[in-house]
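# Working through the structure, step by step
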Amino acid sequence: MTQPLLRTPLYDLHIELGARMVPFAGYDMPVQYPAGVMAEHLHTRTKAGLFDVSHMGQVRIRPRSGNIADAAAALEALVPADIGGLKPGRQRYAVFTTDDGGISDDLMVTNMGEWLLLVVNAACKAADFAHVHKALNATCTVEMLDGRALIALQGPAAEAALVALNPAAAAMRFMDVAEMALAGVNCIVSRSGYTGEDGYEIGMANEGAETVARALLAQPDVAPVGLGARDSLRLEAGLCLYGADIDLTTTPVEGALEWSIQKSRRPGGARAGSYPGAQIVADQLADGTTRRRVGLRAEGRAPVRGGVALFADEAGQVPAGQVTSGAFGPSVGGPVAMGYVATDHAAVGTRLFASVRGRLLPVSVVALPFVAATFKR
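Residues numbered from 1 in each chain as written. Predicted model: local features only at pLDDT ≥ 70, side-chain atom pairs only at ≥ 80, totals over all residues. Heavy atoms only, no water.

## Topic: the environment of D247
Structurally, D247 is set in the loop between helix 7 (227-236) and helix 8 (278-287). With a relative accessible area of 21%, D247 lands in the partly exposed category. In sequence terms D247 and A367 are 120 residues apart; their C-alpha atoms lie 22 Å from each other. For D247, the contacting residues outside a window of four places in its chain are G102, I103 and Y242. (Helix = DSSP H or I, 4+ residues; strand = E, 2+ residues; numbered from the N terminus. Buried < 20%, exposed > 50% of the residue type's maximum accessible area, 1.4 Å probe, protein only. Contact = heavy atoms within 4.5 Å.)

Next comes the structure, spelled out in structure tokens:
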């Protein structure tokens, strides 16, 4: 039997705002509002968009010893990122790896001082929780925070909108995390997001989600934005979508995510290796890979979607790779895509051909991101 769709604490607000709801990762989620995806995308780039991301998983890891270093060391057995060097009030991107170097999910890790907070993808959160609990249960208590919501405020007007609720938000820099009250609700606020724009992600108890969302929407430059624009924004920013651009078959190096493996975790580092697939990843860091995630720009206006085959020649006889994400980029004014190509075709400027509806359309390998990030450093 089909399971009924879950609803976030903001479901009623979405309906009130005229959202078109769609199934996503087991939830009934807003894909767009009456303004439409294009307008929502451009509003986020020029002002501020408010996103409901309460479907994401939030996990608390608390060390049984009371020493946060023990929790960090335990988590480092699962991810290649430097968690031990993560200072209180700071956040870091990481990936869970498998024994063959694949990626089972990507996530954000925050040092909350006495415990670690993980934010994981909605479709993976049950598996992620089981994975972390099994590996860390002997040394840590691992808890899924089911009673918490998460919203994202993104765009150049995000700071002013949040400062209107709490002036302390202005002092935060990219990847800073702080606890603060917003509209009378206790929140965990990170200066981060997944659009390439400056902004914040705000976690709070379910009961306070609508209060905070309404307070932000009352700000003149803030508008609600759905999953449709969230996807086009992250694609223009060159950010990966788990299950499309990265998955169990892709390694961090193939996915151009080696920046997420800090020096201390690389060969020769103070805490090198020890995570699943570490030797495979180390070999790829040293020797390279046979394929690489790249940015792609198509000629003309037709989007080149995920799943489209790429060829090195106009006759379509020499396979070169595959598109993993593709859409029209409203800020760019044309189609944008990402995909994996053989390393000898991965140089910026390389001309390839995409098989679209029986035609081979020319595309070029370009540098990522398509739109420069505006994070507040």
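## So, the pattern of salt bridges
Counted according to the given criterion, the structure contains 18 salt bridges. One continuous salt-bridge network, built from bridges that share partners, spans E76, D82, R92, R265 and R271. (Salt bridge = Lys/Arg side-chain N within 4 Å of Asp/Glu carboxyl O.)

## Points about empty space enclosed by the protein
What the rule picks out here adds up to three cavities of 30 Å³ or more. Here the largest cavity defines a volume of roughly 100 Å³. If you go around the largest cavity, the residues you meet are Q58, Q91, T110, L117, V119, L150, V177, I188, V189, S190, E201 and G203. Going through the elements one at a time, strand 7 (116-120), strand 11 (185-190) and strand 12 (199-205) are the ones with two or more residues in the lining of the largest cavity. (1 Å grid on protein atoms, 1.4 Å probe; cavity = no way out; pocket = protein on both sides within 12 Å on 5 of 7 lines; lining within 4 Å. Points joined across faces, edges and corners; volume = space filled by probe spheres on them.)

## Some remarks on the nonpolar core
The nonpolar side chains of a soluble globular protein tend to be buried, and buried together. Of all hydrophobic cores here, the largest spans 26 residues; its most connected members are L153, L162, V189, I202 and M204. Secondary structure elements with two or more residues in this core: strand 3 (48-52), strand 9 (148-154), helix 5 (158-163), strand 10 (177-182), strand 11, strand 12 and helix 6 (206-217). Apart from the residues within four sequence positions on either side, L162 is in contact with L153, A169, L182, V189, Y200, I202 and L216. Grouped together as the second largest cluster of nonpolar side chains are 24 residues, A72, L107, V109 and C140 included. (Core = buried A, V, L, I, M, F, W, Y, C linked by side-chain atoms within 4.5 Å.)

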